[in-house]
There are 2 protein chains.
Amino acid sequence: MITIKKIAEIVGVSPTTVSNVIHERKNKVSAENYEKVKKALRENNYVSNMGGRILGRHGSKIIGVILNYSRRSEINIISDPFFNQIIGYLEEQIRMNGYFMMLYTSGSVSESLKLTSAWDIEGLVILGALPEDAEKFIQQTQKPIAFIDTYVDEKKINKDYINIGLKDFEGGYDVTNYLIELGHQKIGFCADGNHLSGVDEQRFAGYKQALTEANIKFHNHDFFGLDYHVKQRHDYLVNLVRTRLKDYSGLVFTSDYLAVDAMNIFQDNGIRIPEELSITGFDHNIFSEQCRPKLTTIGQDVRQKAKLTIKYLMREIHQKASGKTNILLDVELVIQNSTVPV
Amino acid sequence: MITIKKIAEIVGVSPTTVSNVIHERKNKVSAENYEKVKKALRENNYVSNMGGRILGRHGSKIIGVILNYSRRSEINIISDPFFNQIIGYLEEQIRMNGYFMMLYTSGSVSESLKLTSAWDIEGLVILGALPEDAEKFIQQTQKPIAFIDTYVDEKKINKDYINIGLKDFEGGYDVTNYLIELGHQKIGFCADGNHLSGVDEQRFAGYKQALTEANIKFHNHDFFGLDYHVKQRHDYLVNLVRTRLKDYSGLVFTSDYLAVDAMNIFQDNGIRIPEELSITGFDHNIFSEQCRPKLTTIGQDVRQKAKLTIKYLMREIHQKASGKTNILLDVELVIQNSTVPV
DNA sequence: CTGTTAGCGCATTCAG
DNA sequence: CTGAATGCGCTAACAG
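Here the structure is a predicted model, which is why all the values come from computation and not from measurement.

Novice: Is there a simple way to explain the relation of the copies chain B and chain A in this structure?
Specialist: Relating the two copies of this chain is a rotation about some axis coupled with a shift parallel to it. In screw terms, the move from chain B to chain A is a rotation of 180 degrees and a rise of 0.0 Å along the axis, fitting with an RMSD of 0.1 Å. Given the turn and translation reported, the copies of this chain are related as if by a two-fold rotation axis. The overlap is high: 100% of the interface residues of chain B also sit at the interface in chain A, so the same surface is used on both sides.

Structural data, given as structure tokens:
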């Protein structure tokens, strides 16, 4: 491995001069030396040793991306195209900013923070954090943190942080309202698990708001908490077809994944969609396109989410700005074929 | 950040003793000191600084996972659940071995190798490498490398490497043979792009072998190279429905993703599947389950792939073994509802 | 069993 | 504009 010292020897200057050339401090190096050093760096394929950087606390250039496993099951994380997409786009953005991405999955805040200090990580992106975990993260580290899709209670936190989310409430509202406009009155809400928080909670609130405005009363049994184990979920859905599914003309799902999964089970059990039941998803990912009927859903721009996340994180890292940043991106109602008027 | 030196001060021993405790060299530390140091480490939440490790060439504990973009388009990488799954499982295995995962996408071998030397990466996992890239990787670095699904030409390489793949030839053969057993004679082969290599080439060869054994002649026009741009691909498929799709009773696809995508387009254009056309996929991932009819496909154990990859990589890193390791995992024909006898 | 020392590569400070 | 010296944290070699 070629080092600054060796380059200095080759060219016949001091390591400092080489360092100055690397960092483009042209005002500190003569034009002649600058060129000579540049050439040597190129010819010898110089790559800086990150160990030296970390040790000298000159910045590790690592962004840690942490997948918080706590709520969703492993099965869903690995099956959900959203995670796939966002990780792909985050990597792209991190790389384009000259940083490196360390990917880590963990259910524990302290484990994640150990990672951070071991590597002197410059910034964290945290996916799938619950509000209480988010608070711990913010309190326990000085490093810039960007959450994606986490609802942090601003009042509880007096430090800076970034959150890039979605207008989930609006999404839940819009899609429900669309069903209402189509004449639906009996609309159920289906989510991952029984205890909603964060994103799903907001979508649920939006759903309820739409019902309220339309003078439709919500009953607790209109909420369907689905198991994330495939087998249990499918058994439950089949049972629903046999019992009280007929009480509903529309179902709002918190994700395309769940919607498509359920739609297939319903269809397998003789329910005609959308004729007998309208279904809506959320995400507008590949699932809502690769099923029939295609899903009416709420679209989000995943690439934009990744782009903004890294943009604000970089701003924070470079101390160009601070303060709380909480951006909720717009959603878009994508009307396809899984919904019809009643 | 707490360091070994500080722990040493706190306990009143030398840094070496602390280091020996950390590395569990019990024979070099008195039981009494061992306990005292252990306690201090715990209480102060000691985390080793990786910069020190890298700089001292004591092992960075980083595994670099490189996604080679060259062949498949970005769109497909991010849409294909296989990448999602394998990355998730690789991360899990890497973490369980006490290592860290650095994720990097790149089309260039030299860029990837720069990453390797900058971080003193201990081992590489390379996804989606073409055979010629694989050779470059192997020749240009001394670090242990594990490829996933790459067909390296053994004769050209005199260094060690690991490849964990699939019996792709067998998969292509089995699925085609199954169609033949169902009475199909006119069977097309559909792949990503016109120039096949690696995995798809093997699957194609298996398909042709099955035809040959059944005395079915293969013509060049039985091969369908699909565009990875969605729009172009769909236009092409729609056109196929109007023209010569009727010449075929079965189509073998190189992936579930392509198969489901095409199946939807065919169905949208009035083709009844499987009645009028049998379709097969490859991968047995979520797509083959979340479509109707469910796809007959070739199953692979993605988790096992990740597990073996890291197992052999670790073995190589710890110098416990060497030599070329080329393991092709078994495939399994998964018969579902997209195929019927003619 | 314990402690001292050296060196890994970088960027910065300070002296020229 | 240039260079010498320094310290970051860890581990291994070596001396006691």
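Novice: Even after reading the chapter, I still don't get the sheet that holds strand β8 (residues 250-253) of chain B, so can you show me in this structure?
Specialist: Strand pairs in the sheet, formed through backbone hydrogen bonds, run parallel or antiparallel to each other. All names here are of chain B. Reading across from one edge, β7-β6-β8-β9 is the order of the four strands in this open sheet, with parallel pairing throughout. Of all strands in the sheet, those bounded by a partner on one side alone are β7 (223-226) and β9 (278-280). Strand after strand, the sheet turns through a mean of 20 degrees between neighbouring axes, direction not considered. Across four bridges, strand β6 (residues 187-192) lies against β8 in parallel orientation.

Novice: So what exactly am I meant to see when it comes to the sheet that holds strand β8 (residues 250-253) of chain A here?
Specialist: Residue and element names in this part refer to chain A. Strand order in the open sheet formed by four strands is β7-β6-β8-β9, with parallel pairing between adjacent strands. In this open sheet, the two strands that pair with only one neighbour each are β7 (223-226) and β9 (278-280). Across the sheet, the axes of successive neighbouring strands diverge by a mean angle of 20 degrees, strand direction being ignored. Across the sheet, helix α12 (residues 256-268) lies against β6 (187-192), β7, β8 and β9, angled at about 145 degrees from β8, the strand it touches most.

Novice: How should I be thinking about the packing of helix α7 (residues 109-118) of chain B against helix α8 (residues 131-140) of chain B in this particular structure?
Specialist: The angle between the axes and the distance between the axes are what describe a pair of packed helices. Residues and elements named next belong to chain B. At a minimum axis separation of 10 Å, α7 and α8 run at an interaxial angle of 35 degrees. Considering only the axes of α7 and α8, their crossing is right-handed. From α7, V109, S112 and L113 reach across to α8, where they touch D133, K136, F137 and Q140. Tallied by class, the residues present in the contact of α7 with α8 amount to three nonpolar, two polar and two charged.

Novice: What exactly am I supposed to notice about the protein's contact with DNA strand D here?
Specialist: With respect to spatial proximity, 24 residues lie near DNA strand D, and among them T16, N27, N33 and R57 of chain A together with Y46 of chain B are the closest. Within 4 Å of the protein, the atoms of DNA strand D are drawn from sugar and phosphate moieties in a proportion of 73%. Contact between DNA strand D and N27 of chain A: a phosphate oxygen at 2.6 Å from a main-chain N or O atom of the residue. At a separation of 2.5 Å, a phosphate oxygen of DNA strand D approaches a polar side-chain atom of N33 of chain A. Secondary structure elements with two or more residues in the surface near DNA strand D: α2 (15-22) of chain A together with α2 (15-22) and α4 (50-55) of chain B.

Novice: I tried to follow the pairing of strand β1 (residues 62-68) of chain A on my own but got confused; where do I start?
Specialist: A regular strand places its side chains on the two faces of the sheet in alternate fashion. All names here are of chain A. Burial runs high along β1: seven of the seven residues are buried. Two elements, β1 and strand β2 (residues 100-106), share seven bridges in a ladder whose sense is parallel. When the sheet's bridge partners are listed, G64 is paired in β2 with M102. Bridge count for β1 against strand β3 (residues 123-127) is five bridges, and the pairing is parallel. Residue I63 lies in a different strand from β3, and its bridge partner there is G123.

Novice: Please clarify how the packing of helix α9 (residues 168-181) of chain B against helix α10 (residues 199-213) of chain B should be interpreted in this entry.
Specialist: All names here are of chain B. Between α9 and α10, whose axes approach to 7 Å, the crossing angle comes to 40 degrees. Judged on the interaxial angle alone, α10 and α9 are oblique. When the axes of α9 and α10 are compared, the crossing they make is right-handed. Packed against α9, whose contacting residues are D168, F169, G172, Y173, T176, N177 and I180, the element α10 presents V199, Q202, R203, A205, G206, Y207, Q209, A210, L211 and E213 at the interface. The residue inventory of the contact of α9 with α10, partitioned by class, reads eight nonpolar, six polar and three charged.

What counts, and where the lines are drawn
Residues numbered from 1 in each chain as written. Chains lettered and ligands numbered in written order. Predicted model: local features only at pLDDT ≥ 70, side-chain atom pairs only at ≥ 80, totals over all residues. Heavy atoms only, no water. Least-squares fit on C-alpha atoms with pLDDT ≥ 70 in both. Contact = heavy atoms within 4.5 Å. Pairing = 2+ DSSP bridges. Helix = DSSP H or I, 4+ residues; strand = E, 2+ residues; numbered from the N terminus. Axes fitted to C-alpha atoms, helices over the stretch in contact; angles between N-to-C directions. Left-handed = near helix turned anticlockwise from the far one by under 90°. Nonpolar A, V, L, I, M, F, W, Y, C, P; charged D, E, K, R; others polar. Near = heavy atom within 4 Å. Polar contact = N/O pair within 3.5 Å; in protein donor to acceptor, adjacent residues only side chain to side chain. Buried < 20%, exposed > 50% of the residue type's maximum accessible area, 1.4 Å probe, protein only. Parallel < 35°, antiparallel > 145°, perpendicular 65-115°, else oblique.

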